[in-house]
Amino acid sequence: MVTLKTKDETAKMREAGRIVAEVLASCRAAVRPGVTTGELDKIAADILKRRGATSNFKGYGVPVLPPFPGVICTSVNEQVVHGIPGKRKLKTGDIIAIDAGAIVDGWHADAAITVPVGDVSPVAEKLIATTEEALRRAIAAAHVGKRLGDIGATVQRWVESQGFSIVRNYVGHGIGRAMHEEPQVPNYGPPDRGLEIKDGLCIAIEPMVNVGGAETRTLADRWTVVTADSSLSAHFEHSLWCTVAGPVVLTAPQGKAAVAA
Ligand code: MG
C-alpha cells in the first residue's frame, strides 16, 4: 500500500499518470475500422519509449501465468479485460477497451477507456456511457475519511440501476511501487465497510460492466477474460491520489480538471 509522502514521490506518480493519459488519448485517436489491436500496442510502446517510461503490463504474470505479451491490453466486445493485442482488425460496431500503464523511476500508473469503433448499437453506447459514469461516481466517493466499501456500493448501485451487471471476479487495487498492491478495491458490496481512505492513499478504481450476467471465463490463451454469456463488456479505470482536498486523478486527460468535484 502506498501513501504518497514526499514531493518527489508525488511528482513521479503524476508523471507516470500523464504518460498513461497520453497513451490512451493517442490510442483513442487511432481507433477506427481496419486498425489492428497490434497497431494500437505499437502506438503505446512508442510513447512509453519517447517519454523514458517502461511498461508494467509487458512480461506481467510470471511465474503464475505466461508473460503478458502486450504493452497494453485490448479487449474487444465480449472481452472484459486482459485481451492480447495482435492481428485482429477492428470493425464498425465493435467496442474496444484499452488498458494502459507506465512506470517512471519505479512508480506506477494504470488506466483504461472503452471506445466505440464507428457507429455502434444503442446498447453499446449506453454500456460505455454507464461504465464511464460509474467511474466518475466512484471517484467522487473516494474522499478521505470514507471507506472502500463506499466506492463499491456507489458503483454497484449505479450500474444495476441501469440494468447492467458489475464484474466481481476482477477488482481495483492499490498502486504505487507496484501496479497491483493492497488494498483491493471492489466495485460492489455494502457501504461503510472496508479500509478507511487515508490522506495520500493511491488506488486504481476500475469498474467492468456487462450487458448480461456478471460471470466471466478465461480463454485458452490464459489471459483473455470474456463474459460467460458472450454479452458486451466495458471497462474504465483511473489511478487516484486521495488527499484531504479531494481525489486527484493522476491519469486524467490533459487539460481537464485533475481534482474531482
Ligand atoms: Mg488496474
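Everything below is about the structure printed above this text.
Parameters and conventions
- In every chain, residue numbers begin from 1 and rise along the written sequence.
- Per-residue local features are limited, in this predicted model, to residues with pLDDT of at least 70; the limit for side-chain atom pairs, both in listing and counting, is 80 or more; totals at the level of whole chains, interfaces and linings are taken over all residues.
- With hydrogens and water stripped out, all remaining heavy atoms of the structure feed into the side-chain values.
- Axis geometry follows a simple rule: fit a line to the C-alpha atoms, using only the stretch in contact for helices, then measure angles between N-to-C directions, giving values from 0 to 180 degrees.
- Starting at the N terminus, helices and strands are each numbered in turn, a helix being any DSSP run of H or I of at least four residues and a strand any DSSP run of E of at least two.
- Each angle receives one of four descriptions, namely roughly parallel if under 35 degrees, roughly antiparallel if over 145, roughly perpendicular if within 65 to 115, and oblique otherwise.
- Here a crossing is taken to be left-handed if its near helix is turned anticlockwise relative to the far helix by less than a right angle, and right-handed if that turn runs clockwise.
- Whether two residues are in contact is decided by their heavy atoms, any of which lying within 4.5 Å being enough.
- Three residue categories are used. Nonpolar comprises Ala, Val, Leu, Ile, Met, Phe, Trp, Tyr, Cys and Pro, charged comprises Asp, Glu, Lys and Arg, and polar comprises the others, including Gly.
- Two N or O atoms form a polar contact when they lie within 3.5 Å of each other; inside protein one atom must be a possible hydrogen donor and the other a possible acceptor, and for residues adjacent in sequence the pair counts only when both atoms belong to side chains.
- Donor criterion used throughout: N, O or S atom within 2.8 Å of the metal, extended to 3.2 Å for Na, K and Ca. Water excluded; incomplete-looking sites may result.
- Exposure categories follow from relative accessible area, calculated using a 1.4 Å probe and restricted to protein chains: below 20% of the type maximum is buried, above 50% is exposed, and the middle band is partly exposed.

## Here we look at the packing of helix α1 (residues 7-30) against helix α2 (residues 37-50)
The geometry of α1 relative to α2 is characterised by a closest axis approach of 9 Å and an angle of 150 degrees between their N-to-C directions. As summarised for this structure, α1 and α2 are arranged roughly antiparallel, according to the angle between their axes. Judged by the sense of rotation from one axis to the other, the crossing of α1 with α2 is right-handed. Seen from α1, the contacting residues are I19, E22, V23, S26, C27 and A30; seen from α2, they are L40, I43, A44, I47, L48 and R50. The residue makeup of the contact of α1 with α2, split by class, is nine nonpolar, one polar and two charged.

## Details of the side chain of S239
If you trace the backbone, S239 turns up in strand β13 (residues 238-243). Side-chain polar atoms of S239 contact the backbone oxygen of D110, separated by 2.6 Å. In contact with S239, other than residues within four places in its own chain, are A109, D110, I175, I203, A204, V248, V249, L250 and T251.

## Observations regarding the coordination of the magnesium ion
Protein coordination at the magnesium ion comes from D110 (OD), H173 (NE2), E206 (OE) and E237 (OE), with a distance range of 2.2 to 2.3 Å. Written as a sequence motif, the donor residues of the magnesium ion are D-x62-H-x32-E-x30-E. Of this pair, D110 sits in strand β4 (residues 107-116) while E237 sits in the loop between β12 (233-235) and β13; the two residues are 127 residues apart in sequence, bridging distant segments of the chain. Across this residue pair, the class does not change: D110 and E237 are buried.

The analysis is restricted to geometry; functional conclusions fall outside its scope.
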